[in-house]
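What follows is each chain in one-letter form.
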Amino acid sequence: MTVASELASFLIRQSCADLPPKAVEYAQMLISSTIASAALGSTIASSQIIRALEVERGGKPDATVWFGAAEKLPVAAAARINALMSDAAASDDSDLRNIVHSGTTACATSLAVAEKMGSSGRDVLVAIVLGYEVAGRINGAMIGGLQKKGFHGCIVAGFAAAVAAGYLMKLSQPQMAQTIALVATSVGGLHAAANTSVAREYHAGLAAMLGVYAAQAAGMGFLAEENILENERGFFTVYGNKPDVADVTRDLGKRWSVLTDMGIKLVPGGHSNHSIAEAAANAARAGNIVPDEVETITISRPGFKALAGPQFPTDLIGVAHSPAYFAAAGVADRNFSWAHAFQDKINSPAIRGLLGKVCAGDPPTENLNRYKSGAIVTINTKDARSYSSTVYAPRGAAILGIAWADVEGKYRALAPYAKFSGDNLEASMKVIRNFSEVNNVSELVGLLR
């Protein structure tokens, strides 16, 4: 049996009753997070360009593009735009092992396919959990390879879209196996481009779109090389680094990626930097430190030997990938919030005055298995004081527990950027919170305008 076939056999048997209740709840939270991030992303030029292109192209009106005119387009086009909007704002979700945004593609794709299929909220939640699970298992095999070889995480996130789409389309076991095989040979993306440009969200849109295409083609009988994941010069060989292929299908149904590795962003920017801001703020508060007192700010984390990204960022793209900015902002403001994604904070003299004082320290050697995008930040002052804080996983990490109050706080902070009509913002929050009781996803989608 191939890896794709074994995964497919497991996937088609699953129902909501088979999933841990917390996994289903976290899928609801992922929907809220994805829509909130997309609301902010809808204001960004990259999203507006792709939306305009897809609207001009047109096609069968099967699924809704969220917000504004709420145009209806083919499923793949709607999934592409909605996923791109969510990723564009750098405020969505991540697999905390190596920062793959599987929830974005799973949610955007599931809602688009479900709208065409007339699926229930419960079916959508199962599709999201299963899509996240397969992407998480593929991602686990890629660690040590994917980004180090120069490839972007969309190559993994595409599996979340394909599996979610296939589940909602009620594909057979052979068709689901072909869906997985097809998406494995579909998506491309270069990590370097995503770090420095809006190619990042372009990749997210492709992952969603090509995931839908894979499921649609497999559903019509298209056949690919089913063992492309594990064969010589196949997916794992090309993108991974001698991965444990057997682990991809080990203990199916006994462990769930959405419970162990998922994180919802409760502040903007690259998820790997959130713990840096949190630790920096903790240390600054502990020492009652003001910016003028700072001599150095040192970041230490597993595998971190030099500062990545721009040390003096000037826009959201730079901020999202700048550990220095997160550390400096955390120290200067003793906090990090949604406001730090905007120019007032990016240009803050207090923050900019600290950017040049941030440096990388020696990676930690203890408790390495506890780090989920975690970090240690140490502040040394000019009068020889030193304060340090360790954050093993950022707020919003599933392993720490995620509170609805935080998720809904994010929704209220970001959703207004989409300029919801009337009381649609609050009404949509209520539907998401009770999504397992929704009979048809149109109950939610109809409010996203």
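To start, this report covers the structure provided alongside it. (Residues numbered from 1 in each chain as written. Predicted model: local features only at pLDDT ≥ 70, side-chain atom pairs only at ≥ 80, totals over all residues. Heavy atoms only, no water.)

Time to look at helix α10 (residues 199-219). Its 21 residues give α10 an end-to-end C-alpha distance of 30 Å, which sits within 8% of 30 Å, the value for a rise of 1.5 Å per residue. Extensive coverage of α10 is indicated by the burial of 16 of its 21 residues. Just beyond α10, the residue with positive phi is Gly 221, at close to 100°. (Helix = DSSP H or I, 4+ residues; strand = E, 2+ residues; numbered from the N terminus. Expected span 1.5 Å × (residues − 1). Buried < 20%, exposed > 50% of the residue type's maximum accessible area, 1.4 Å probe, protein only.)

Moving on, we get to the pairing of strand β5 (residues 294-300). Here β5 lies mainly inside the structure; 5 of its 7 residues are buried. Where β5 lies against strand β7 (residues 375-381), 6 bridges are found, and the strand directions are antiparallel. Opposite Ile 299, over in β7, you have Val 377 as the bridge partner. The sheet contact formed by β5 and strand β6 (residues 358-360) spans 3 bridges and is parallel. Residue pairing in the sheet places Thr 298 in a bridge with Cys 359 of β6. (Pairing = 2+ DSSP bridges.)

Here the focus is the packing of helix α2 (residues 21-41) against helix α6 (residues 121-142). As a packed pair, α2 and α6 sit with axes 9 Å apart at the nearest point and diverge in direction by 95°. Judged by the angle between their axes, α2 and α6 are roughly perpendicular. Within the contact between the two elements, α2 uses Ala 23, Val 24, Ala 27, Gln 28, Leu 30 and Ile 31 and α6 uses Val 124, Leu 125, Ile 128, Val 129 and Tyr 132. Among the residues forming the contact of α2 with α6, the class breakdown is 10 nonpolar, 1 polar and no charged. (Axes fitted to C-alpha atoms, helices over the stretch in contact; angles between N-to-C directions. Parallel < 35°, antiparallel > 145°, perpendicular 65-115°, else oblique. Contact = heavy atoms within 4.5 Å. Nonpolar A, V, L, I, M, F, W, Y, C, P; charged D, E, K, R; others polar.)

Here we come to the environment of Gly 330. Here Gly 330 shows up in helix α15 (residues 323-333). For the pair Gly 330 and Arg 57, spaced 273 residues apart in sequence, the C-alpha separation works out to 45 Å. Those residues in contact with Gly 330 that sit more than four places away from it in its chain are Ala 277, Ala 280, Ala 281, Ala 284 and Asn 335.

Taken together, the 4 strands give an open sheet; going across it, the order is β6-β5-β7-β8, and neighbouring strands pair in mixed fashion. This sheet does not close on itself; its edge strands, each paired only once, are β6 and β8 (386-391). Between one strand axis and the next, the sheet turns by 20° as a mean value, whatever way the strands run. Packing against the sheet, helix α13 (residues 274-287) makes contact with β5, β7 and β8, and its axis sits at approximately 145° to β8.

Our next topic: the packing of α2 against helix α4 (residues 75-88). How two helices sit against one another is set out by the angle between their axes and by the gap between those axes. Between α2 and α4, the least distance of the axes is 6 Å, while the angle of their chain directions is 80°. Between α2 and α4, the interaxial angle falls into the category roughly perpendicular. Where α2 approaches α4, its residues Thr 34, Ser 37, Ala 38 and Gly 41 are matched on the opposing element by Asn 82, Met 85, Ser 86 and Ala 88. For the contact of α2 with α4, the class distribution of residues is 3 nonpolar, 5 polar and no charged.

Right, let's get into the packing of aromatic side chains. Within this structure, the stated rule accounts for 12 aromatic pairs. Here the aromatic rings of Trp 66 and Phe 67 are separated by 6.2 Å at their centres, their planes lie at 65°, and the arrangement is edge-to-face. Residue Trp 66 shares its accessibility class with Phe 67, and that shared class is buried. A ring pair is formed by Tyr 325 and Phe 336, whose centres lie 6.1 Å apart and whose planes are at 85°; its orientation type is edge-to-face. One end of the pair, Tyr 325, is in helix α15; the other, Phe 336, is in the loop between α15 and α16 (343-346), with 11 residues separating them in the sequence. Per residue, the accessibility class of Tyr 325 equals that of Phe 336, and both read buried. Members of the aromatic cluster, connected to one another through ring pairs, are Phe 151, Phe 159, Phe 235, Phe 236 and Tyr 239. Sitting above the plane of the Tyr 392 ring, Arg 370 keeps its charged end 3.8 Å from the centroid. (Phe/Tyr/Trp six-rings, centres within 6.5 Å; stacked < 30°, edge-to-face > 60°. Lys NZ or Arg CZ within 6 Å of the ring centre and 35° of its normal.)

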